[in-house]
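# Coordinate inspection notes
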Amino acid sequence: MPAGQAEQRSGSARPVRIGVSACLLGQEVRYDGGHKRASFVADVLPRYVELIPLCPEVAIGLGVPREPIRLEGAPEAPRAVGVSNRQLDVTDRLQDYGREVAAALGDISGYIFKSKSPSCGLENVRLHTADGGAIAAGTGLYAAEIVRAMPLLPVVEESRLEDPEDRENFMERVFAYHRWQELLRQGPTAERLASFHAAHKMILLAHSREYLTQLGRLVAAAGRQPLAEQVRVYGELLMQALAQPATRQRHADALYHLMGYLKDQLDQADKAELVELIENYRTGLVPRIAPIVLLRHHFRRHPQPYVEQQLYLAEPQVF
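What comes next is a walk through the structure. Worth saying up front: this structure is predicted, and the values here are computed from it rather than measured.

### So, helix α9 (residues 209-220)
Here α9 contains 12 residues, and its C-alpha end-to-end distance of 16 Å stays within 8% of the 16 Å for a straight helix at 1.5 Å per residue. For α9, the full list of buried residues reads Y211, L212, L215, L218 and V219. Looking down the long axis of α9, one finds its buried residues gathered within 125° of arc, a one-sided arrangement. Of the residues in α9, the exposed ones pointing more than 90 degrees away from the buried face are R209, E210, R217 and A220. Each element contacted by the buried residues of α9 is listed here: α7 (190-199), α8 (201-207) and α10 (227-243).

### Focus: the sheet that holds strand β8 (residues 155-157)
Adjacent strands of a sheet pair through backbone hydrogen bonds, lying either parallel or antiparallel. The strand order β2-β1-β5-β8 describes an open sheet built from four strands, whose pairing is parallel. Looking at strand neighbours, the two that pair on one side only are β2 (50-54) and β8, the edges of this open sheet. Ignoring which end each strand starts from, the neighbouring axes of this sheet average 20° apart.

### Brief notes about unusual backbone geometry
Cis geometry is found at the peptide bond from V64 to P65, where omega equals -5°. For N124, which is not glycine, the phi dihedral falls at a positive 55°. Relative to the assigned elements, N124 resides in the loop between β5 (110-113) and β6 (125-128).

### Some details on the packing of helix α6 (residues 164-186) against α7
In the contact formed by α6 and α7, the axes pass within 11 Å of each other and the chain directions differ by 170°. With respect to α7, the element α6 is oriented roughly antiparallel. Relative to α7, the crossing made by α6 is right-handed. In contact with A176, R179, W180, L183 and Q186 of α6, α7 contributes R192, L193 and F196. Partitioning the contact of α6 with α7 into residue classes produces five nonpolar, one polar and two charged.

### Comments concerning the sheet that holds strand β4 (residues 79-82)
A sheet is described by the order of its strands in space; here four strands give the open sequence β4-β3-β6-β7, paired in mixed fashion. Here the strands that pair on one side only, and so sit at the sheet edges, are β4 and β7 (134-138). Taken pair by pair, the neighbouring strands of this sheet meet at an average axis angle of 55°, ignoring direction. In this sheet, β7 lies alongside β6 in antiparallel orientation, the contact comprising four bridges. When the sheet's bridge partners are listed, V125 is paired in β7 with G138.

### Describing the nonpolar core
Core analysis: the biggest nonpolar cluster contains 71 residues, and Y142, I146, W180, Y234 and Y312 have the highest contact counts within it. If one sorts the elements of this core by residue count, α10 sits on top with seven residues. Ignoring sequence-local partners within four residues, the contact set of Y234 consists of W180, L193, F196, H197, L204, L215, L218 and V219. Judged by nonpolar contacts, the second largest core, of 23 residues, contains V16, V29, L161 and F170.

What counts and how
- Residues numbered from 1 in each chain as written.
- Predicted model: local features only at pLDDT ≥ 70, side-chain atom pairs only at ≥ 80, totals over all residues.
- Heavy atoms only, no water.
- Helix = DSSP H or I, 4+ residues; strand = E, 2+ residues; numbered from the N terminus.
- Expected span 1.5 Å × (residues − 1).
- Buried < 20%, exposed > 50% of the residue type's maximum accessible area, 1.4 Å probe, protein only.
- Arc of directions from axis to C-beta.
- Contact = heavy atoms within 4.5 Å.
- Pairing = 2+ DSSP bridges.
- Axes fitted to C-alpha atoms, helices over the stretch in contact; angles between N-to-C directions.
- Parallel < 35°, antiparallel > 145°, perpendicular 65-115°, else oblique.
- Left-handed = near helix turned anticlockwise from the far one by under 90°.
- Nonpolar A, V, L, I, M, F, W, Y, C, P; charged D, E, K, R; others polar.
- Core = buried A, V, L, I, M, F, W, Y, C linked by side-chain atoms within 4.5 Å.

Just geometry here; none of it tells us what the structure is for.
Written as structure tokens, this is what we have:
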């Protein structure tokens, strides 16, 4: 199902936009004049989202090709300096540009960064210490500013997207955050917050029962605290919940929960077929789309009002 259809289910007509390191799309912006094209990012994602390519090092005026830079100093306050030209220090420029981008692209719903980059890496970037050693403990200066300015934004390095489950988890966070942004644009009300929560219950179940319960209590307590504070806390807890990996076992639990709404409609053969597919998914034999397609089929024949509002079955499976 195209992303647009899933977004229409949640009342959003705006495209899902994701920032991305330009080199991952094959743009020759690396210090050596090359690129780091990632096939999933460049070939698959454009079917579902709008990608916003950015290269901070080029944007701040460094050429192609250019003097490579590296991180030096303490982990809490590294500097970005030239590898050969020790006079080159672009720390302030990278940080300033990160703040500019965060302010200009407040509507993006995710960001894919180039791993190990002194400007874009999220974690384990090589950091050169004062004693001449190096440790994998740094964060790219540009990426750090984006994360600092947009703490709820789903972010990931391209290397993480090589794993199908990590890929699925990231995209689920992106689509949910996009819907949350749309709710904020429309103007939150207690009713809209309750509808949003109801539509995401199965998604949340696949990530964390504890967070699902906590968020449900927050929604149920509407009116006991100012709405603005309730919305702020809900948004933070929502993204924390979705940051918990949705494992195959947790997804299987959600699928069985949905199957329970068909217990009086399906015969023994249909139930056995559905159980077999869910178990095959749980054990890694088939992708999650297999039991989802079968559930969609049964719910078209046997509509259930509660299930119809769930985005779990409608959300696109990004392969």
